[in-house]
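Structural description and commentary
Below, each chain spelled out in residue letters.
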Amino acid sequence: MPIQCFNKGDAIEVLKTNPFTIWFPATVLRSTPTRNGQIYVEFLHESSRSRREYVNAGYVRPSPPSELHRYFKVGDTVEVLYKGKGWRNGKVNDVLENSMYLVSLDEEDIVKVEQWGLRVYRVWDDGSWVPPLHLQQKNIPEVELKSRGVKLRIKCSRSWKETFSEGMSVEVKRDKKGFYGSWHTAVIVKPVGYDKFLVEYQKPKTVNGSQFLKEEVDASCIRPCPPEIRSFHPFEHLDRVDAWFNDGWWEAQITEVLGGSNYVVCLLTTEEELVFEHSMLRPHQEWSKGKWVTAREFDMIRSPSDMRKSKELKIRIKCSGRTSEPKFSKGMKVEVKSDEEGYQGSWYTAVIVNSIGQQKFLVEYLTLRTEDESKPLKEKADASDIRPCPRVIQRIDRFKMLEEVDAWYNEGWWVGLICKILDGLKYMVYFWTTNEELEFDHFTLRPHQEWIDGKWVIAFMKKSEIQVKPKLGKLKGQNGGVARYTNFCVGAKVEVKSDEEDYQDSWYPATIVRPLVNGKYLLRYQTLETDDETDLLTEEADALSIRPSPPVIQQADQFRPLDEVDAWYNGGWWAGQVCKVLKGSNYMVYFRTSNEILKFQHSDLRPHQNWLDGEWIAAKRAFV
């Protein structure tokens, strides 16, 4: 076997032949071989701590790039991820349901494996793969940190002594998923216990839509309906308003005055920017000390300096997405984001060594070492890539479906979603940037937190997404859709288009369960769950609304204005266009179908591709 040169950090596989032939995944730690032709590597998939050793360079080959939509048939020669440790040769004996295969490793050893645990059998021959690869992709999951933007906490006026009588019309502040911070009209049904009331909403309905929703609500989240203020004059820039959205009133601020009585409005709890007509807005009022006061009157109660700080704060949030810059001192323990290829978006624990210039620091990593392994690695880092260490949250109960978590992988933390709950306190975690699933133990995961407004916020407490259950139908091939009928096999990874109003041009990752009659498939979503939130959603879909998962393209350089992109939002990919490049690898993205402009980090965007006539066509880059 010819010897090949490798660089530090390269993903490789090492051949072992006892008791059978198997290739173990590893990483190169030193690029220069020893005199006797050995290189220093670190093995992956070890059950305990990482194992490092010198191996003969002649028994090393590169890790083959993953093929995201590869499926298999009976008789195919494959490699099986054997016991989660290494790749062993085998042959497909049978194709089962739920993306499972029976594979014979020898005459007596037959194993049952999922599709992700199989790959095509290939030989590394003189610098190339035989049979050749069709797609050259990165093998290491390049999972980048997802940031959903800054969300502000609405000040909740607590009127504990307020008396609410039966039949009284009120507004109720909701804290449910997708509605956090919004106020909805309701009627008091009756008091329930101490400072609690049963209310019946006037808009939200039960799941089956047969009747209005009733809920028990704490008195602190109830207020009288505000008096109507007719606003005939146009709103002005930075005016505080309430916007009618999703059957409720959301506290917001005018960020831009458009023509034709239209406004760009920023919802303060989600930092989303939407376009509203004048009739869908009302002047914001505060319920303070038992009476209603307008926002301007409420501001005048505070000092003029407080008013100035309030408006400056909101402008700073809109522009930078950060409301509080942490101060880093020598010796402080922090987490540092990596931008190195193959590790983008991962966070590594470090200690501040010293400040070097404006907004730059020298850090010493606690889990990464120098090339010769003699001492901890030190590097320069920008303040924008540093954050305080999150608070420790001991998660005793099990993680739930689609809960955001940080997974400990390759000496750092990577953000993902729980997509399957396994036996023995294990989970499958879905990484949307690479469309991959990996298995993790309970104690190698932590609840995902984000550094917002100078505080750590747990992911499930800040979410404002409305869980979408796509309504699928026959679609024409446009805007990245399918232009002709495509056949999919059991276990194939695909994306499914939603035809529901307000969710057009959104694609949701799924897996084919089995084909049905009349060109339909039963599929299982990877980011949408059932109504009871206990399992992933399984649904029928027409073949014309399904496309293969696109090849992963990592955009190393910045996107440009007018670039076509897909943005990760509400558990799916949405087609949009970059309209503004901001600092800190952030962008404003325009969505034509909804006429919205939203802010995204670089790691939540991918270059837009179109599936046309059985192949992926990349959108042309804009030249400005």
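Residues numbered from 1 in each chain as written. Predicted model: local features only at pLDDT ≥ 70, side-chain atom pairs only at ≥ 80, totals over all residues. Heavy atoms only, no water.

Notes on the overall build of the protein
Regarding its fold elements, the protein presents 3 helices and 48 strands. Taken over 624 residues, the protein has a buried fraction of 50%. Contacts in the protein between residues far apart in sequence, at least 24 positions, make up 53% of those at least 6 positions apart. As displayed, the protein offers around 31,700 Å² of accessible surface, 51% of which is attributable to carbon and sulfur atoms. (Helix = DSSP H or I, 4+ residues; strand = E, 2+ residues; numbered from the N terminus. Buried < 20%, exposed > 50% of the residue type's maximum accessible area, 1.4 Å probe, protein only. Contact = heavy atoms within 4.5 Å. Areas by Shrake-Rupley, 256 points an atom, 1.4 Å probe, with all protein chains shown as cover.)

Structural notes on the nonpolar core
Most often, soluble globular proteins have nonpolar side chains that are buried together. Core analysis: the largest hydrophobic core is formed by 28 residues, its most contacted members being Val-494, Ile-512, Leu-523, Tyr-525, Ile-546 and Leu-605. The set of elements that each furnish at least two residues to this core consists of strand E37 (493-497), strand E38 (506-515), strand E39 (520-529), strand E40 (536-542), strand E42 (564-569), strand E43 (572-582), strand E44 (586-591) and strand E45 (596-601). For this core, the element with the most residues is E39, which contributes 4 residues. Apart from the residues within four sequence positions on either side, Val-494 is in contact with Phe-488, Tyr-508, Pro-509, Ala-510, Thr-511, Ile-512, Ile-546, Arg-547, Pro-548 and Ser-549. One finds Phe-6, Phe-43, Val-60 and Val-113 within the second-largest nonpolar core, a separate group that totals 25 residues. (Core = buried A, V, L, I, M, F, W, Y, C linked by side-chain atoms within 4.5 Å.)

Some remarks on the packing of aromatic side chains
Scanning the model with the defined rule gives 26 aromatic pairs in all. When the ring of Trp-408 is compared with that of Trp-413, the centres are 5.1 Å apart and the planes differ by 65°; the resulting orientation is edge-to-face. What makes Trp-408 partly exposed here is its relative accessible area of 29%. Assessed through its relative accessible area of 15%, Trp-413 is described here as buried. For the ring pair Phe-431 and Phe-440, a centre distance of 6.1 Å and an interplane angle of 75° mean the geometry is edge-to-face. Taking relative accessible area as the criterion, Phe-440 reaches 6% and is therefore assigned buried. Ring-pair connections join several aromatic residues into one group, and the members of that group are Tyr-409, Trp-414, Phe-431 and Phe-440. Lying over the aromatic face of Trp-507, Arg-547 brings its terminal NZ or CZ to 3.9 Å of the ring centre. (Phe/Tyr/Trp six-rings, centres within 6.5 Å; stacked < 30°, edge-to-face > 60°. Lys NZ or Arg CZ within 6 Å of the ring centre and 35° of its normal.)

Digging into the side chain of His-284
As for its position among the elements, His-284 is in the loop between strand E22 (281-283) and strand E23 (285-288). There is a polar contact of 2.7 Å between the side chain of His-284 and the side chain of Asp-242. A distance of 3.1 Å separates polar atoms of two side chains, one belonging to His-284 and the other to Glu-286. (Polar contact = N/O pair within 3.5 Å; in protein donor to acceptor, adjacent residues only side chain to side chain.)

Quick look at the pairing of E42
Here 6 bridges tie E42 to E43, and the two strands are oriented antiparallel to one another. Bridge assignment links Glu-564 to a residue of E43, and that residue is Gln-577. A loop of 2 residues connects E42 with E43, the two strands running antiparallel in sequence, and Asn-570 in this loop sits at a positive phi of about 55°. In the sheet, E42 pairs with strand E46 (residues 605-607) via 3 bridges, with the strands oriented antiparallel. Bridge pairing links Val-565 to Pro-607 in E46. (Pairing = 2+ DSSP bridges.)

Observations concerning the pattern of salt bridges
Taken as a whole, this structure holds 27 salt bridges when the rule is applied. Note that Arg-88 and Asp-109 form a salt bridge whose closest N and O atoms lie 3.3 Å from each other. Of this pair, Arg-88 sits in strand E7 (residues 86-95) while Asp-109 sits in the loop between strand E8 (100-104) and strand E9 (110-114), placing them 21 residues apart in sequence. Residue classification places Asp-109 among the partly exposed positions, given a relative accessible area of 22%. Asp-382 serves as the salt-bridge partner of Lys-360, at 2.4 Å between the closest nitrogen and oxygen. Here Asp-382 lies in strand E28 (residues 376-382) and Lys-360 lies in strand E27 (residues 360-369), a separation of 22 residues in the sequence. (Salt bridge = Lys/Arg side-chain N within 4 Å of Asp/Glu carboxyl O.)

Remarks on the environment of Phe-6
Tracing the chain through its elements places Phe-6 in the segment before strand E1 (11-16). Linking Phe-6 and Thr-27, residues 21 residues apart in sequence, is a C-alpha distance of 9.9 Å.

Section: unusual backbone geometry
At the junction of Asn-18 and Pro-19, the peptide bond is cis and its omega measures out at 10° in the coordinates. Note that Pro-19 resides in the loop between E1 and strand E2 (22-28). Val-130 connects to Pro-131 through a cis peptide bond whose omega is -5°. If you trace the backbone, Pro-131 turns up in the loop between strand E12 (128-130) and strand E13 (169-173).

Thoughts on the pairing of strand E35 (residues 449-452)
With 4 bridges joining them, E35 and strand E36 (residues 455-458) adopt antiparallel strand pairing. Paired with Gln-449 across the bridge in E36 is Ile-458.

As for the confidence of the model for the protein
Fine structural detail should not be taken from predicted coordinates in areas where pLDDT scores are low. Per-residue pLDDT for the protein has a mean of 77; in total, 79% of the residues score no lower than 70. Low pLDDT (under 50) marks residues 300-324, which in the prediction has 39 contacts with non-local residues, meaning those over four places away or in another chain. Predicted confidence is poor over residues 461-479, with pLDDT under 50, and the contacts of this stretch with residues over four places away or in other chains come to 66 contacts. (pLDDT = per-residue confidence, 0-100.)

Focus on the environment of Pro-226
Tracing the chain through its elements places Pro-226 in the loop between strand E17 (222-224) and strand E18 (240-245). As a C-alpha pair, Pro-226 and Gln-285 span 59 residues in sequence and 7.2 Å in three-dimensional space.

Brief notes about the environment of Lys-380
Assignment of secondary structure puts Lys-380 in strand E28. On the accessibility criterion, Lys-380 (67% relative accessible area) is exposed. Considering only alpha carbons, one finds Lys-380 and Ile-352, 28 residues apart in sequence, at a separation of 10.0 Å. Every residue in contact with Lys-380, bar those within four places of it in the chain, is listed here: Ile-356, Phe-361 and Leu-362.

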